[in-house]
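A look at the structure
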Amino acid sequence: MAKTFIVANWKMNKTTGQALEYARGLKAALLQNPVSAVVVIAPPFTGMRALAEELKDSAVCLAAQNMHPAARGAFTGEISGEMVVDAGCRYCIIGHSERRQLFGEDNHLINAKITAALNYGVMPIFCIGETLASRNAGETFSVLSKQLKEGLNKIPANDIGKIAIAYEPVWAIGTGLTATPGQVHEAHSFIRNLLSEIYGEKATADLSIIYGGSVTAANISSLMAEKEINGVLVGSASLDLASFLAIVNFK
Ligand code: PEP
């Protein structure tokens, strides 16, 4: 069965002190009020080690926001999968639209990162999604299909369940525009069907497909009511602990 994930993507926000204060509050709240979803925080690299210490006996897991596919070497400003694991992260966001748009990441590089993450036992949270122009041109499914096929190129079928797919329509990220539950249902069904066709139903039975794009406490319940939505990736609304807790504790 697919697990439910609620992932906080902090992007380039929070000093280590601010991150620790938030983590202590989140840990205490989840101890008092446990939830069945897997709760994951993706802090900046600088906060990972301290958060791993703070959260080591808690229900909260850590993700890196990015990693380089190479094991080591002359890649100024980058960190490797081994470093991600060493810093206490079990997950890594890969292919976020900000990485694609602002840092020129293409499907080929994203595929190399996914392959490397799996080699280190790190679960990739593999982000895909169409732009508004693609949606308006009726190209949503062809864009998703290309991102999936190229991003997962040569990944063996028995590794597909070790990846979480995050459907993040670019037009909904940080814009306050949320995809409707119907639009998300349609995209998630397309993703699951396509991957089942390629890899077989057994390989995709436990695959989690989560949604990201202006998720807030106000829309989480209607999104999570869709059975094709196995969780959410939350940017802006994850920065404030009370707001993130309201999402984590959705009814
Ligand atoms: C994101 O950055 O992955 C994201 C979904 O951001 P926001 O929730 O702010 O739209």
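Note that the coordinates shown come from a computational prediction; the quantities given were computed from them, not determined experimentally.

It is worth spelling out helix 11 (residues 241-248) at this point. Given 3.6 residues per turn, any residue in an α-helix points the same way as the ones three and four places further on. Of the residues making up helix 11, those classed as buried are Phe-244, Leu-245, Ile-247 and Val-248. In an axial view of helix 11, the angular spread of the buried residues amounts to 155°, which keeps them on one side of the axis. Of the surrounding elements, those touching the buried residues of helix 11 are strand 1 (5-9), helix 1 (16-32), strand 2 (38-42), helix 10 (220-224) and strand 8 (231-234).

Looking now at the sheet that holds strand 6 (residues 164-167). Read around the closed barrel, eight strands run 1-2-3-4-5-6-7-8, paired in parallel fashion. Shown here is a sheet whose adjacent strand axes are inclined to one another by a mean of 25°, direction ignored. Here two bridges tie strand 7 (residues 208-212) to strand 8, and the two strands are oriented parallel to one another. Paired with Gly-212 across the strands is Leu-233, a residue of strand 8. Helix 11 contacts strand 1, strand 2 and strand 8 of the sheet and is inclined by roughly 165° relative to strand 1.

A positive phi angle, close to 55°, is found at Lys-11, a residue other than glycine. The phi torsion at Ser-214 lies on the positive side, around 55°, for a residue other than glycine. With respect to the element layout, Ser-214 can be found in the loop between strand 7 and helix 10.

Before going further, it helps to spend a moment on the packing of aromatic side chains. This model, assessed by the stated rule, comprises five aromatic pairs. Centroid distance Phe-5 to Tyr-91: 5.7 Å. Interplanar angle 75°. Geometry classified as edge-to-face. One end of the pair, Phe-5, is in strand 1; the other, Tyr-91, is in strand 4 (residues 91-94), with 86 residues separating them in the sequence. Look at Tyr-91 and you get buried, because its relative accessible area is 4%. Their ring planes at 50° and their centres at 6.4 Å tell us that Tyr-167 and Tyr-211 sit as a pair that is tilted. Of this pair, Tyr-167 sits in strand 6 while Tyr-211 sits in strand 7, and the two are 44 residues apart along the sequence. Residue classification places Tyr-167 among the buried residues on the basis of a relative accessible area of 0%. Overall, Tyr-211 belongs to the buried group, its relative accessible area being 0%. In textbook terms, an aromatic cluster arises when at least three aromatic residues are bridged by ring pairs, as seen for Trp-10, Tyr-22 and Phe-244. One residue, Lys-14, lies across the ring of Trp-10, its end atom 5.3 Å from the ring centre.

Bringing the site of the ligand into the picture now. Near the ligand you find 14 residues, and of these Lys-11, Glu-168, Gly-174, Ser-214 and Ser-236 are the closest. For the ligand, an oxygen atom lies 2.8 Å from a polar atom in the side chain of Glu-168. In the complex, 99% of the free accessible area of the ligand, which totals 290 Å², lies under the protein chains. Across the shell around the ligand, the residue classes break down as four nonpolar, eight polar and two charged.

By volume, the largest pocket is sized at about 390 Å³. Lys-11, Met-12, Gln-65, Arg-99 and Phe-103 are, among the 13 residues lining the largest pocket, the residues nearest its centre. Here the element with the most residues in the lining of the largest pocket is helix 4 (residues 97-103); it accounts for four residues. Its residues placed into classes, the lining of the largest pocket shows six nonpolar, four polar and three charged.

Turning next to the packing of helix 1 against helix 2 (residues 45-54). As a packed pair, helix 1 and helix 2 sit with axes 9 Å apart at the nearest point and diverge in direction by 30°. Between helix 1 and helix 2, the interaxial angle falls into the category roughly parallel. The handedness of the crossing between helix 1 and helix 2 comes out as right-handed. Between helix 1 and helix 2, the contacting residues are Thr-16, Ala-19, Leu-20, Ala-23, Arg-24 and Lys-27 on the first element and Thr-46, Gly-47, Ala-50, Leu-51 and Glu-54 on the second. Looking at the contact of helix 1 with helix 2 residue by residue, the class counts come to five nonpolar, three polar and three charged.

The rules behind the values
Residues numbered from 1 in each chain as written. Predicted model: local features only at pLDDT ≥ 70, side-chain atom pairs only at ≥ 80, totals over all residues. Heavy atoms only, no water. Buried < 20%, exposed > 50% of the residue type's maximum accessible area, 1.4 Å probe, protein only. Helix = DSSP H or I, 4+ residues; strand = E, 2+ residues; numbered from the N terminus. Arc of directions from axis to C-beta. Contact = heavy atoms within 4.5 Å. Pairing = 2+ DSSP bridges. Axes fitted to C-alpha atoms, helices over the stretch in contact; angles between N-to-C directions. Phe/Tyr/Trp six-rings, centres within 6.5 Å; stacked < 30°, edge-to-face > 60°. Lys NZ or Arg CZ within 6 Å of the ring centre and 35° of its normal. Near = heavy atom within 4 Å. Polar contact = N/O pair within 3.5 Å; in protein donor to acceptor, adjacent residues only side chain to side chain. Areas by Shrake-Rupley, 256 points an atom, 1.4 Å probe, with all protein chains shown as cover. Nonpolar A, V, L, I, M, F, W, Y, C, P; charged D, E, K, R; others polar. 1 Å grid on protein atoms, 1.4 Å probe; cavity = no way out; pocket = protein on both sides within 12 Å on 5 of 7 lines; lining within 4 Å. Points joined across faces, edges and corners; volume = space filled by probe spheres on them. Parallel < 35°, antiparallel > 145°, perpendicular 65-115°, else oblique. Left-handed = near helix turned anticlockwise from the far one by under 90°.

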